[in-house]
Amino acid sequence: MSGATPVSLERQGDVGVITVNYPPVNALGPGVAEGIKDRLARANIDPAIKAIVLIGAGRSFIAGADIRGFGTNRQRLPLGQRVYDTLDASSKPVIAAIHGYALGGGLEIALACHYRMALPSAKVGLPEVLIGILPGGGGTQRLPRLIGAKAALEMIVTGRHVPATEAKRLGIIDELLPETADLLESAIAFAMRIVDVRPLPRVRNRSVRLEDRGIFEAMRKSIARRARNQKAPYACIGAVEAACALPFDEGCQCEANLFKELEDSPEARALRYAFFIEREVARLPDIPANTPVRDFSNAAVVGAGTMGGGIAMSFADFGLPVKIIDATPEALERGMQRIRDNYATSVRRGSLSEDQMQRRLARIEPVAGYEDIADCDLVIEAVFEEMDVKKPVFAKLDEVMKPGALLFSNTSALDIDQLAEMTRRPKDVAGTHFFSPANVMKLLEVVRSKHSSPETLATAMQMGRRIGKLSAMAGNTDGFVANRSRAPFNTEMVILLEEGCLPEQVDKVMVDFGYPMGPFAVGDLAGLDIGYASRKRRAAENPNFRKQPIADRLVEMGRHGQKTGAGWYRYEKGDRTPHPDPEVAAIIKEVATGLGIAQRTFTDEAVLRRLLFSSVNEACKILEEGKAYRPGDVDVMWLHGFGFPRYRGGLFFWADTIGVREVYNQIAAWHQQYGDRWAPSRLLRDLAESGTSFREARAAPFAA
Ligand code: 3H9
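Reference entry: report on the structure contained in this document. (Residues numbered from 1 in each chain as written. Predicted model: local features only at pLDDT ≥ 70, side-chain atom pairs only at ≥ 80, totals over all residues. Heavy atoms only, no water.)

## Details of the pairing of strand β6 (residues 94-98)
Applied cut-off: Throughout, exposure labels follow a simple rule: accessible area from a 1.4 Å probe, protein chains only, divided by the maximum for the residue type, with under 20% read as buried, over 50% as exposed, and the rest as partly exposed. In DSSP terms, a helix is any run of H or I states spanning at least four residues, a strand is any run of E spanning at least two, and both are numbered starting from the N terminus. If DSSP finds at least two bridges between two strands, the strands pair.
Where burial is concerned, most of β6 is hidden: five out of the five residues are buried. In β6, alternate side chains face the same way, and those of Val94, Ala96 and Ile98 on one face and Ile95 and Ala97 on the other are all buried. Inspection of the sheet shows strand β4 (residues 51-56) paired to β6 by four bridges, in the parallel sense. Bridge assignment links Leu54 to a residue of β6, and that residue is Ala96. Relative to strand β8 (residues 115-118), β6 is paired through four bridges, and the arrangement is parallel. Its bridge partner being in β8, Ala97 is matched across the sheet by Met117.

## Some points on the packing of aromatic side chains
We count it as follows: Ring pairs are drawn from Phe, Tyr and Trp, using the six-membered ring of Trp, whenever the two centres fall within 6.5 Å, and their geometry is named by plane angle: stacked under 30 degrees, edge-to-face over 60, tilted for the rest.
Using the criterion set out here, one finds 18 aromatic pairs in the structure. Measuring from ring centre to ring centre gives 5.1 Å for Phe275 and Phe276, while their planes differ by 90°; the resulting arrangement is edge-to-face. Taking the relative accessible area as the measure of exposure, Phe276 reaches 23% and is therefore partly exposed. Consider the rings of Tyr629 and Phe702, whose centres lie 4.4 Å apart with planes at 40°: the pair is tilted. With a gap of 73 residues between them, Tyr629 in the loop between α24 (604-624) and α25 (631-641) and Phe702 in the segment after α28 (682-690) connect regions that are remote in the sequence. Taking relative accessible area as the criterion, Tyr629 reaches 10% and is therefore assigned buried. An aromatic cluster is present here, built from Phe435, Phe489, Phe513, Tyr515, Phe613, Trp638, Phe642, Phe644, Trp654, Trp670 and Trp678 joined pairwise through their rings.

## Some remarks on the sheet that holds strand β15 (residues 378-381)
Selection criterion: Fitting a line to C-alpha atoms yields each axis, with helices limited to the stretch in contact; the angle taken between N-to-C directions then spans 0 to 180 degrees. Two residues form a contact once any of their heavy atoms are found within 4.5 Å.
The sheet built from eight strands is open, its strands ordered β14-β13-β12-β15-β16-β17-β18-β19 with mixed pairing. Sheet topology places β14 (364-366) and β19 (470-475) at the edges, where each strand pairs with a single neighbour. Within this sheet the neighbouring strands show an average axis-to-axis angle of 25°, counted without direction. Taken together, the three bridges between strand β16 (residues 406-409) and strand β17 (residues 429-434) define a ladder with parallel strand orientation. Each residue of the ladder has a partner; that of Phe408, found in β17, is Ala430. Contacts between helix α12 (residues 306-317) and the sheet are confined to β12 (299-302), β13 (322-325), β14, β15 and β17, with β13 contributing the most and set at about 170° to the helix.

## Things to note about the packing of helix α19 (residues 503-513) against α24
Defined as follows: To sort the angles, those under 35 degrees are grouped as roughly parallel, those over 145 as roughly antiparallel, those from 65 to 115 as roughly perpendicular, and the leftovers as oblique. Charged means Asp, Glu, Lys or Arg here, nonpolar means Ala, Val, Leu, Ile, Met, Phe, Trp, Tyr, Cys or Pro, and polar covers whatever is left, Gly included.
Packing of α19 against α24 leaves a shortest axis separation of 9 Å and a crossing angle of 85°. Between α19 and α24, the interaxial angle falls into the category roughly perpendicular. Facing Gln505, Val506, Val509, Met510 and Phe513 of α19, the residues of α24 in contact are Asp604, Val607, Leu608, Leu611 and Leu612. Considered class by class, the residues forming the contact of α19 with α24 number eight nonpolar, one polar and one charged.

Take a look at the structure:
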């Protein structure tokens, strides 16, 4: 290595090998792009070097620009002087040798090289849109020139990671090696084969293949719903459109202008934040990273209901064999049929092949009784959500499961300590709360009992990651972190009706905000009887529980949601479209009159704040009680458990865009107006008084 940069140049025969070594994933951190430029210049003037290979050390080629540098006073070089431009201009051929990831600026560097070769396991992509920006290193101009506008547009607007085999088919990769090949050796051999080929194949000199002028409008239409309130996806489309209309340098200028507009936009800041909290959530400050994790290669699920079936599918989807039991053969068969139907729907929709379905189904083994699961490495209880039903299940699991097997519960609210205490191995017990549908939703809330050992918790977190989930730790409190912080929102939305809102207004506000569906429509989808049962339980436990007479009335009338053709909305047979229902409006009016509550109108902003501020306050209480590690953990749960719009960062990130003082003042005012349920949390008051943002809030030490 020459010089103190993370980039080295070595000569191997006639070939100069430039190696990027910036762990863990070779992002373009400080000195990397400069290092590549510098080594490239040296290689170009070294008469002994005839061709150049650019390769990454460690597990990746280059994962893109350093995301931490965005929004800071990052140095921006003028067009023509950037690493991409100098690679392109090299008079000696440059070959990008790709393994691991070539993403964002990493792929843009590869596109600026004259040739690209890759191992089949490599992935390439331009995922900038996922962090609220667009490719800013010429990617929007080179990719369409290389693979045509249509394919480039799709890759850039979705940001998806494209496997090298597909990238070869598309024309991004010139040569695909066998997986076992020595990448460097092969790249050097390739370099020697093309060493004298001139002119050098420069992507910038190609013209764009525009298959159909309508692709841009069609893309704008197709993303309209998903990308509402966002700028980056549209900027991506605009930049590819520019590639089709303008000479290369002008197209790059257009890309650079759009990049500048987006780099520090609110959506880019929120999406960068989401990227980092999703990684931070895996770190458990009070459990050492080197805590041993228990080996597991299979699982069992007790309970073949909707949740149990979804959990079993999650294991099967990620290659782990899973056994499933239920109380009766009929219930088990019903559960298996639901699993088969779910997979069949995916096959029909084209998201799963017949062959994949068969392989996944083969991993799910329905078995008759507890003895048949005794040998499994871990078991997840997913029976009816009642303490009296779950307790005997834990006693039984303790009796039958082999020593060392971990016992998890999928409860969404019940006390994990009590379940652990039903066993002689309380250390091996924890909560693993999946969200519905369990095979689709990404969040896994790992719930820590006061008995859970660090090993059990570390294993539960890892189990989630093995089955494609984002695992986040929660303390043992009613509703844990996700549902507890969401509960006041659910109460306020019904109280808003008493005060004069209609379900359709509340839903519209939340959809406009960015949720895929409004909360009342979601309620109808999930079934209103579920909330009814849990309200009855809570009311029995707590005399101060805020009743929801409107919601109760609907359920008592048999309006259980979509499944009964009516709930908050009315549904036509065989159609899931919610229609506002005058009957519901009449019930609302009648209940409100009975309660003596005056009806008034609400602005959309007032509705939004009323719902989300109530949850912000509760989430502050959760931090203050040490039931979550960090504000970011709460935000991850809202993003992945409840469909909170990612480009708004999460509950706390969004609240910071309003400002902690304003949030506090409003909550304090509502406390005066509505009483105790709006009492501001101590933490919220402290933050407001000290002018500390929600994101910087410190939680109390974790209390299981
Ligand atoms: C861009 O390139 C803009 C350009 O168009 C033009 C500019 C002018 N920066 O995810 P992991 C960290 S925009 C900074 O756990 P994996 C990550 O935080 C960029 N840090 O590993 C983590 O740190 P820690 C376009 C980064 O194997 C560690 O590396 N590129 C970056 O599960 C390991 O990451 C992207 O958007 C980065 N670019 O997944 C790619 N990348 O250990 C973003 C990673 O402290 N990265 N880190 O928590 C990824 O998608 C995944 O990290 C990757 C590896 C798939 C590469």
